[in-house]
Amino acid sequence: MPHKIHIAHPQLGRAEIEGVRRVLKSGHLRAGALTERFESEFARFVGARFGIAVNSGTSALFLAAKALLRPGDEVIVPDFTFVATASMVLAAGARPVFADVNEKTFTLEPADVERRITSRTRAILPVHLYGHPADILALERLAKRHRLHLIGDAAQAHGAKYQGQDVGSFRDIVCYSFYPTKNLTTAEGGMLVTSNTRLAEKLRLMRSHGERRRYEHVCLGYNLRFTDIAAAIGLAQLRRLSAGNRKRRQNAAALARELAGIAGIEIPQETEGNFHVYNSFTIRLNPKVIGMSRDEFRARLARHGIETAVHYPLPLHRQPLFRGYGRDEDFPVSTRLAKTVLSLPVHPALTTHDLNRMIRVVRNTAAEALR
Ligand SMILES: *Cc1c(COP(=O)(O)O)cnc(C)c1O
């Protein structure tokens, strides 16, 4: 049996190990100078003025929602995303309102967002799913017209660009995750970026007990703090990010070229003018054409040592947590995607040999199915 090809593989090396060793030897573990350096370097990389590092992407979304929303506010989120995008709106006391996604980009469909705006709508929360930017310009227009906040979920989109501009450079707050499967990891961790001075100040206070000076608490806050250990890893990872994204794009191009034209398989696309960073390479299977279910297809790849993932098997309106938030008919695209998507390995550690093996196995599996 050849080695297993994993769905994700963090790129860690000497720089990360040395960085962590230095922090441990210094005895300075909590967030300090290194965290501040990581915040400013990461923010600069994504084109924002300020970075506020927190202990997870989920915490970043929670803090953004807490800072911008009031109880009873409605926030329009995609029906097709990881649960935290919507559950943190709920955690902040506001109400997520689901909208359908675009069939090509898997991201929020602006026309459907517009239909769901009410007098209580306060924000739109696009997700740059799989590393492909959402249609930010159309959403910004809606936000402007209806005086809404924009909160970006870029947990899968470090370095992704919308019409030449990094997704992190847009208003009001953009949230990142540094979980091990993301394009940049610090084990656990996350960051909010913004170019709004007052908002940055508020987020910093809320991150740590609303503390302005030692034991003086000016607002309700939490402990969502980062550490200098994580910052050491993050700074080393930031040096690898551009090359890693380029490698992901090369891998995606090879997969797209070699898998195109297989009946029943649809290849992910990068829409005109955008820069996809392929946190996932997510194909769509047409079970009628291919002659087997997505889950059967997946099991066959697993038998050949190829790990795949389903992001995500349930649209949010089908989650038990969100019972009563909508029916399948309200979200036809999202409902269809949840049944048909399959993510293949695309991470930068894949070798040419791995890619060729994956391509061969996917082709053979599709051919077997048709027989
Ligand atoms: C990973 C992810 C999150 C959550 O980040 P954590 O660091 O795991 O808390 C939120 N939204 C999306 C789209 C994600 O992919």
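Numbers given for residues are sequential positions, taken from 1 along each chain in its written order. Given that the model is predicted, a residue must reach a pLDDT of at least 70 before its local features are reported, and side-chain atom pairs must reach 80 or more before they are shown or counted; all residues, however, enter totals for whole chains, interfaces and linings. For side-chain calculations, the full set of non-hydrogen atoms in the structure is used, while hydrogens and water are omitted.

**Q** Which residues make up the environment of alanine 367, and what values go with them?
**A** Segments assigned H or I by DSSP are reported as helices when at least four residues long, segments assigned E as strands when at least two residues long, and all are numbered from the N terminus. Mapped onto the elements of the fold, alanine 367 is located in helix α12 (residues 352–370). Spatially, the C-alpha atom of alanine 367 lies 34 Å from that of glutamine 319, the residues being 48 residues apart in sequence.

**Q** Which residues make up the pairing of strand β14 (residues 341–344), and what values go with them?
**A** We call a residue buried when its accessible area falls under 20% of the maximum for its residue type, exposed when it is over 50%, and partly exposed in between, using a 1.4 Å probe and counting protein chains only. Where burial is concerned, the two faces of β14 agree: the one with Val341 and Ser343 and the one with Leu342 and Leu344 are both buried. Only when DSSP finds a minimum of two bridges between them are two strands counted as paired. With four bridges joining them, strand β13 (residues 281–285) and β14 adopt antiparallel strand pairing. Bridging from a neighbouring strand, arginine 284 pairs with valine 341 of β14.

**Q** Could you give an account of the packing of helix α3 (residues 57–68) against helix α7 (residues 197–207), with specific residues and numbers?
**A** Each pair of packed helices can be described by the angle between their axes along with the distance between the axes. α7 packs onto α3 with a crossing angle of 120 degrees between their chain directions and a minimal axis gap of 10 Å. Judged by the angle between their axes, α3 and α7 are oblique. Once α3 is placed against α7, the crossing between them reads as right-handed. Counted together, Leu63, Lys66, Ala67 and Leu68 of α3 and Leu199, Lys202, Leu203, Met206 and Arg207 of α7 form the full contact between these two elements. Residues that form the contact of α3 with α7 fall into these classes: six nonpolar, no polar and three charged. Where helices are involved, their axes are fitted lines through C-alpha atoms of the stretch in contact, as for all axes, and angles between N-to-C directions lie from 0 to 180°. Angular relationships are summarised with four words: roughly parallel below 35 degrees, roughly antiparallel beyond 145, roughly perpendicular across 65 to 115, and oblique for the angles in between. The sense of a crossing depends on the near helix, which, turned anticlockwise from the far helix by less than a right angle, makes the crossing left-handed and, turned clockwise, makes it right-handed. Whether two residues are in contact is decided by their heavy atoms, any of which lying within 4.5 Å being enough. Residue polarity is assigned by list, with Asp, Glu, Lys and Arg as charged and Ala, Val, Leu, Ile, Met, Phe, Trp, Tyr, Cys and Pro as nonpolar; anything else, Gly included, falls into the polar class.

**Q** If you had to explain unusual backbone geometry to someone new, which residues and values would you point to?
**A** Most peptide bonds adopt trans geometry, and most residues besides glycine take a negative phi value. In this structure, the amide linkage connecting arginine 171 to the following residue, aspartate 172, adopts the cis form with an omega of -15 degrees. Among the secondary structure elements, aspartate 172 is positioned in the loop between β7 (165–166) and β8 (173–177). That bond from histidine 311 to tyrosine 312 is cis: its omega, 10 degrees, falls within 30 degrees of zero. Structurally, tyrosine 312 can be placed in the loop between α10 (294–303) and α11 (332–340). Even without being a glycine, glutamine 163 presents a positive backbone phi close to 45 degrees.

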